[in-house]
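# Structural overview for review
Spelled out, the chains give:
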Amino acid sequence: MTIDTIAGVQIESDEEGFLVDPTQWNDEVAVEIARREGIDPLTDRHWQVIRFMRSEYETKGTGPTVRALGKTSGVSIKELYQLFPKGPAKLAAKIAGIPKPRGCI
Amino acid sequence: MHRIVILGGGKGGTLAANRLRKAYGLNEASVTVVDQDDQHIYQPGLLFVPFGLTHSEDIVRPRGRQLHRGIDYRTSAIIHVDLAGQSVQLADGSELSYDVLVVATGAVLAPDETEGLTGPGWMEKVFTFYTPEGAAALEEALAVFDGGRLVVNVVEMPIKCPVAPLEFCFLADWYFHERGIRDRVELTFVTPLDAAFTKPVAANHLGGLLEQRGIELVTEFNTGEVDGTGGRLVSFDGREVPFDLAVVIPLHNGASYVARSEGLGDALGFVVTDTHTLQAAVAPNVFALGDAASLPVSKAGSVTHFEGEVLVENIRRFLDGEPLDASYDGHANCFIKTGFSKAMLIDFNYDVEPLPGHYPGLVGLPLLKESHLNHLGKLMFQWLYWHSLLPGRDIPGISSAMPLGGKLQALESNVKERVS
Ligand SMILES: Cc1cc2nc3c(=O)[nH]c(=O)nc-3n(C[C@H](O)[C@H](O)[C@H](O)COP(=O)(O)OP(=O)(O)OC[C@H]3O[C@@H](n4cnc5c(N)ncnc54)[C@H](O)[C@@H]3O)c2cc1C
């Protein structure tokens, strides 16, 4: 658990850097987290994915997996990896201020 | 008269049908099972086919014979579920009306969704053991493999029995040792996960075993393309793993009719299901169990078995107009074959990590430790599958709720008794 000032707000995040309280999130927070993760600037395509992640989280209680993102977000898996290198689902969730996707067991 | 229709006559559909048949008299409820074919495969057996330890024909039985008397069995593919009209359309043109529907059509492999996987080299140097045809073809390929790079690759989760690919690695290590060519084979396990397995405690143990056996582990590899001609796995972020022979576990989806039936499935066609009651989110008279459900549990036969009890109890409650309070806790367990006549057993649920200790009580099988006893367990499991699990019997000492207390009941003696 770390507490940090991001975009002027005191924000708590877990060991892996995911926001503890998703309601503390806003666009400026997203831009700052993205910058720290080496994504700068956030393009419209990034935002499309980020907003999609937020709405999925709000309706389903967990962020989508990469495959589900590729099928439903309007952005292909290939492009997701270009936008959010390494782990699109994890990285986009982090920037969208939602918990790490539960993924699969 | 209640009409209960069960879609899928595999592990889950069969045990649910048999339990429901027992729970209701012939004049109280009709029980109908639909499956697209008449070949019930004991899927855990597929792991052993490539190594010549069993054969496809030995792990297949007719479905109808696994179902108790008084169960109506239909062979036809399922096309669509009309949730509002409470009926199911079958490919043979018929329609089945239901009062309660159980979705148990499992997971379907989707090798076509990975670029190149079914292209040049498929079934020549790129195989899967997740189908009977694939497992048989791989047996032939392994028999003539006399050295080189063998990679085992999980494309993406979820997959059925997430430990099966690891077991395949351990068995391959054993197999090449037996053939005296282990030093000529480079074995590599390539996974999208950040460790050998999903559950951290088990991942450490399994990771250690891989290292011990000289099996290389490549993590966080998201396969974007399988290049059969060039002998390469290529990840979405541009990394490559070369191979001479690839064993690939393809993507899994739910059955396609689930995705076509409005509101029934999630993005991958798995049924959105309450994690505890097994009731589908889409309608109160629809339930799901086994691999078809989108629960945060392993897609495994043990899970399906434990869910069965809860499912049948909640269907009874639903039909009686009572609240559904039977609750599934995510209990899963798994024998892991580690080669050289050894195996280990892991046991966990939604909240509890695989525990070191014994299962189900103090004198059960040692958990998280390789032992010969567990090896016996894995072999005996096939016997239990046909004679105890499918008929819907409980295994004495093992119930759906995960035993944490250490009941003095040993699966070991149970298994020995039944086999002798
Ligand atoms: C290689 C391998 C090894 C495994 N090892 C283990 C193990 O060691 N331990 C363990 O616990 N589990 C293991 N499993 C997993 C286990 O086999 C499954 O979890 C279990 O069979 C799930 O049961 P189910 O009823 O949900 O699905 P299934 O048993 O797969 O049954 C689904 C049924 O639905 C039918 N169906 C699908 N679509 C349609 C349609 N459109 N129309 C009509 N019928 C349809 C299919 O024909 C099938 O019969 C293994 C699986 C594999 C592949």
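Basis of the calculations
Residues numbered from 1 in each chain as written. Chains lettered and ligands numbered in written order. Predicted model: local features only at pLDDT ≥ 70, side-chain atom pairs only at ≥ 80, totals over all residues. Heavy atoms only, no water. Helix = DSSP H or I, 4+ residues; strand = E, 2+ residues; numbered from the N terminus. Buried < 20%, exposed > 50% of the residue type's maximum accessible area, 1.4 Å probe, protein only. Contact = heavy atoms within 4.5 Å. Areas by Shrake-Rupley, 256 points an atom, 1.4 Å probe, with all protein chains shown as cover. Rg over C-alpha atoms; globule rule 2.2 N^0.38 Å. Lys, Arg positive; Asp, Glu negative; His and termini not counted. Charge placed at Lys NZ, Arg CZ, Asp CG, Glu CD. pLDDT = per-residue confidence, 0-100. Core = buried A, V, L, I, M, F, W, Y, C linked by side-chain atoms within 4.5 Å. Buried area = accessible area lost by both parts, 1.4 Å probe. Polar contact = N/O pair within 3.5 Å; in protein donor to acceptor, adjacent residues only side chain to side chain. Nonpolar A, V, L, I, M, F, W, Y, C, P; charged D, E, K, R; others polar. Domains from an automatic or database assignment. Near = heavy atom within 4 Å. Pairing = 2+ DSSP bridges. Axes fitted to C-alpha atoms, helices over the stretch in contact; angles between N-to-C directions.

Across its full length, chain B holds eight helices and 24 strands. For chain B, with 420 residues in total, the buried portion stands at 58%. Considering only contacts in chain B between residues 6 or more positions apart, those separated by 24 or more positions represent 66%. Counting every atom, chain B has about 16000 Å² of accessible surface; 50% of that belongs to carbon and sulfur.

Let us look at the overall build of chain A. Across its full length, chain A holds five helices and two strands. N-terminal to C-terminal, the α/β element order of chain A is β-β-α-α-α-α-α. Whereas a compact globule of 105 residues would reach a radius of gyration of roughly 13 Å, chain A reaches 13 Å, a difference of no more than 12%. Principal-axis analysis of the C-alpha atoms gives chain A an extent of 35 × 30 × 20 Å. Burial analysis of chain A (105 residues in total) assigns 45% to the buried set. Accessible surface, chain A as shown: approximately 5300 Å² in total, 51% of it carbon and sulfur. Considering chain A, the positive charge centre built from 14 side chains and the negative charge centre built from 15 side chains are found 10 Å apart.

Next up on the list: the confidence of the model for chain A. Overall, the predicted model of chain A reaches an average pLDDT of 89, with 95% of residues at or above 70. By mean pLDDT, strand E1 (residues 2-6) of chain A is the weakest element of chain A at 82, and helix H1 (residues 27-36) of chain A is the strongest at 95.

What follows concerns the nonpolar core. Of all hydrophobic cores here, the largest spans 107 residues; its most connected members are Phe-129, Leu-150 and Phe-168 of chain B. Broken down by element, this core gets its largest block of residues, ten residues, from helix H3 (residues 164-178) of chain B. Ignoring sequence-local partners within four residues, the contact set of Phe-168 of chain B consists of Leu-47, Pro-50, Phe-51, Phe-129, Leu-138, Leu-142, Leu-150, Val-152 and Val-247 of chain B. Of all hydrophobic cores here, the second largest spans 27 residues; its members include Leu-42, Val-49, Leu-80 and Ala-96 of chain A.

With that settled, consider unusual backbone geometry. The linkage connecting Asp-40 of chain A with the following residue, Pro-41 of chain A, adopts the cis geometry, with an omega of 0°. Looking at the secondary structure, you find Pro-41 of chain A in the loop between H1 and helix H2 (44-60). A cis amide bond links Met-157 of chain B with the next residue in sequence, Pro-158 of chain B, at an omega value of 0°. Tracing the backbone through its elements, the reader meets Pro-158 of chain B in the loop between strand E12 (148-154) and H3. We note that Ala-7 of chain A has phi near 50°; this positive angle belongs to a residue other than glycine. Following the sequence through the fold, Ala-7 of chain A ends up in the loop between E1 and strand E2 (9-13).

Looking now at the interface of chain B and chain A. With 21 residues of chain B in contact, the opposing surface of chain A contributes 13 residues. With both sides pooled, the region where chain B packs onto chain A buries about 1500 Å², and carbon together with sulfur makes up 59% of that total. Our enumeration of links across chain B and chain A arrives at five residue pairs in polar contact (both at pLDDT 80 or more). The residue makeup of the side of chain B that touches chain A, split by class, is nine nonpolar, five polar and seven charged.

Attention shifts here to the side chain of Glu-56 of chain A. Within the element layout of this structure, Glu-56 of chain A appears in helix H2. With residues near it in sequence (within four places) discarded, Glu-56 of chain A still touches Gly-61, Thr-62 and Pro-64 of chain A.

Let's shift gears to the domain arrangement of chain B. Residues and elements named next belong to chain B. According to the domain assignment, chain B consists of domain 1 (2-106 + 255-319), domain 2 (111-251) and domain 3 (333-419). Taking only C-alpha atoms, the centre of domain 1 and the centre of domain 2 are 30 Å apart. With 17 residues of domain 1 in contact, the opposing surface of domain 2 contributes 21 residues. Together, the buried faces of domain 1 and domain 2 total about 1500 Å²; carbon and sulfur atoms form 75% of this surface.

With that settled, the discussion passes to the site of the ligand. All names here are of chain B. The environment of the ligand is formed by 31 residues, the closest being Gly-12, Asp-35, Gln-43, Asp-291 and Gly-301. Contacts to the ligand include Gly-12, whose backbone N or O atom sits 2.6 Å from an oxygen atom. Backbone polar atom of Ser-302 to an oxygen atom of the ligand: 3.0 Å apart, as the coordinates give it. For the ligand, the accessible surface in isolation is 1000 Å², of which the surrounding protein chains cover 92%. Broken down by secondary-structure element, the contributors of at least two residues to the shell around the ligand are helix H1 (11-23) and helix H6 (301-319). Grouping the amino acids of the shell around the ligand by side-chain chemistry returns eleven nonpolar, 13 polar and seven charged. Taken domain by domain, the shell around the ligand gets at least three of its residues from each of domain 1 (2-106 + 255-319) and domain 2 (111-251).

Here the focus is the environment of Ala-137 of chain B. Residues and elements named next belong to chain B. For Ala-137, the location among the structural elements is in helix H2 (residues 132-143). Overall, the relative accessible area of 22% leaves Ala-137 in the partly exposed class. Taking the C-alpha atoms as reference points, Ala-137 and Ile-336, separated by 199 residues in sequence, lie 24 Å from one another. Among all residues touching Ala-137, those that are not within four sequence positions of it are Met-123 and Phe-127.

Once that is clear, we can look at the environment of Arg-19 of chain B. All names here are of chain B. Considering the arrangement of structural elements, one finds Arg-19 in helix H1. On the basis of relative accessible area, Arg-19 is assigned to the buried category, the value being 13%. Sequence separation between Arg-19 and Glu-309 is 290 residues; the distance between their C-alpha atoms is 8.2 Å.

Now for the sheet that holds strand E6 (residues 78-82) of chain B. All names here are of chain B. The strand order E6-E7-E8 describes an open sheet built from three strands, whose pairing is antiparallel. The sheet is open, and its two edges are formed by E6 and strand E8 (95-97), each paired on a single side. Geometrically, the sheet is characterised by an average inter-axis angle of 20° between neighbouring strands, direction not taken into account. Sheet analysis places strand E7 (residues 87-90) next to E8, joined by three bridges and oriented antiparallel. If you follow Gln-89 over to E8, its bridge partner there is Glu-95.

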